[in-house]
Every structure is written in C-alpha cells, then in structure tokens.
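An overview of the molecular structure
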Amino acid sequence: EVFRELIFKMSSTHVIKNSEAIISIEARGFIFGAAISMHACKPMIVARKPEKLPGDLIKENYNLEYGKSSLSIQKEALKKYNNFAIVDDLLATGGTIKCVDNLIKKSGKEVSGCLTVIELVNLKGRNQFNFDVESMLKL
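Rules and cut-offs
Residue numbers run consecutively from 1 along every chain, following the written order of its sequence. Only residues with pLDDT of at least 70 get local features here, since the model is predicted, and only at 80 or more are side-chain atom pairs given and counted; chain-wide, interface and lining totals rely on the full set of residues. Hydrogens are left out, water is left out, and the side-chain values use all remaining heavy atoms of the structure. The secondary structure listing takes helices from DSSP runs of H or I that are at least 4 residues long and strands from runs of E that are at least 2 residues long, numbered from the N terminus. To get the radius of gyration, use the C-alpha atoms; to get the globule rule, take the number of residues to the power 0.38 and multiply by 2.2 Å. Residue exposure (1.4 Å probe, protein chains only): buried if accessible area is under 20% of the type maximum, exposed if over 50%, otherwise partly exposed. A contact between two residues is defined here by any heavy atoms of the two lying within 4.5 Å. For this analysis, a polar contact is any N or O atom pair within 3.5 Å, provided that within protein one partner can donate a hydrogen and the other can accept it, and provided that sequence-adjacent residues contribute only side-chain to side-chain pairs. A pair of strands is treated as paired once DSSP finds two or more bridges between them. Whether a crossover is right-handed comes down to one check: with the strands pointing away from the viewer, does the path from the first strand over the helix to the second run clockwise; if it does, it is right-handed. Whenever a carboxyl oxygen of Asp or Glu lies within 4 Å of a side-chain nitrogen of Lys or Arg, that contact is scored as a salt bridge. The axes are straight lines fitted to the C-alpha atoms, using for helices just the contacting stretch, and the angles between their N-to-C directions are given from 0 to 180°. Whether a crossing is left-handed or right-handed is set by the direction in which the near helix is turned from the far one by less than a right angle, anticlockwise for left-handed and clockwise for right-handed.

When helices and strands are tallied, the protein shows 5 helices and 7 strands. Seen in sequence order, the protein has helices and strands lined up from the N terminus as α-α-β-α-β-β-β-α-β-α-β-β. In terms of overall size, the protein behaves like a compact globule, its C-alpha atoms giving a radius of gyration of 14 Å where 139 residues would be expected to give roughly 14 Å. Burial status across the protein gives 47% buried among its 139 residues.

Moving on: the environment of K42. Topologically, K42 is positioned in the loop between α3 (28–40) and β2 (44–47). A sequence separation of 51 residues divides K42 from T93, and the C-alpha atoms of the two residues are 27 Å apart. With residues up to four places along the chain from it excluded, the contact list for K42 reads I16, K17, S19, E20, I22 and S37. In terms of polar contacts, K42 uses its side chain to reach the backbone carbonyl oxygen of K17, at 3.4 Å.

The next point concerns the pairing of strand β1 (residues 21–25). Most of β1 sits inside the fold, with 5 of its 5 residues counted as buried. Side chains A21, I23 and I25 of β1 all project onto a buried face; the interleaved residues I22 and S24 project onto the opposite face, where all are buried too. Of the pairings in the sheet, the one linking β1 to strand β5 (residues 83–91) comprises 4 bridges and is parallel in character. Across the sheet, S24 pairs through a bridge with V87, a residue of β5. Sheet topology places β1 next to β2; 4 bridges connect them, and they run parallel. Bridge pairing in β2 links S24 to V46. Taking the sense of rotation as the criterion, the β-α-β connection linking β1, α3 and β2 turns out right-handed.

One pass over the full model with this rule turns up 8 salt bridges. For the salt bridge of E26 with R48, the shortest nitrogen-to-oxygen distance reads 2.9 Å. Taken together, the residues span a long stretch of sequence, with E26 in the loop between β1 and α3 and R48 in the loop between β2 and β3 (57–64) at a distance of 22 residues. Using a relative accessible area of 14% as the deciding quantity, one classes E26 as buried. Residue K79 pairs with E76 through a salt bridge whose shortest N-O separation is 3.2 Å. K79 sits in the exposed class, given a relative accessible area of 57%. Of the residues examined, E76 reaches a relative accessible area of 57% and is grouped as exposed.

On to the packing of helix α1 (residues 2–11) against α3. Their axes nearest at 9 Å, the elements α1 and α3 cross at an angle of 65°. The crossing of α1 and α3 is right-handed. Contacts from F3, L6, I7, F8, M10 and S11 of α1 reach α3 at I31, F32, A35, I36, H39 and A40.

So this is what it looks like as structure tokens:
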C-alpha cells in the first residue's frame, strides 16, 4: 500500500509530467522507474553500470566516495526523445545523477528534472543541477 501511494505521488509530479521519457539509474532506481513509467505511461530507459548493455553506447565516468565508476546508455534508446526525467532512489552527493545529466547533454538532449525517493539535504547534491529536483522524503 505504501509503495503504491509513493508511485502514485511520484508519477504525478511536474518532473514526470514535463518529460518525454524516464531514465532510471541502476539498480534501485529501476524499481521506482519501472513502476512510475507504467503508471505515467512514459517509456523508461536504463542507465547501467559497466559491461551491462549491448549495442552502441554513450558512457560517462563519475567519482564515488570510495573510487570511480561509469554509467552507460544505449544511443538508440535516446533517439526518439528530447527531454528526460532522471529517477533514482537516493540523492546524496549527486554524483550518479550528474553522470546521467552529462550523458544526456552529450547526446544533445535535455534533462527536464530529477525525481528521487530520498534526499540527504545536508550533502547539498541538488545544488549542482540547473533543473528541478523533487524528493519525496528529505532527511
């Protein structure tokens, strides 16, 4: 019941309404992105960790608190759409969301906003973005 209410609320945000498609970040972002995609009737594209996707990819590296990683998106998946909502479970320092933002910009597309379940406000991750950030729970 709580999950259903959360998805209903997230699907109704202007970040989702103003986007053509949703990009979910591996792995927990997939749980929320898939449900929001279905409820909002918007296509979902995945941003995955290294070596997980086939085909022609765009890739971006980012720093973690404990090292480095990268995310990839299939170029073909982005072709039909011009603006995207990024969906993830948590906004902390903003590294993974910034990585996806950079991937989208590399493709000549736009991020219309970001939607997360939880935001750790003291880490000020949202301050680096020039798009709307909505979080359902701010801690």
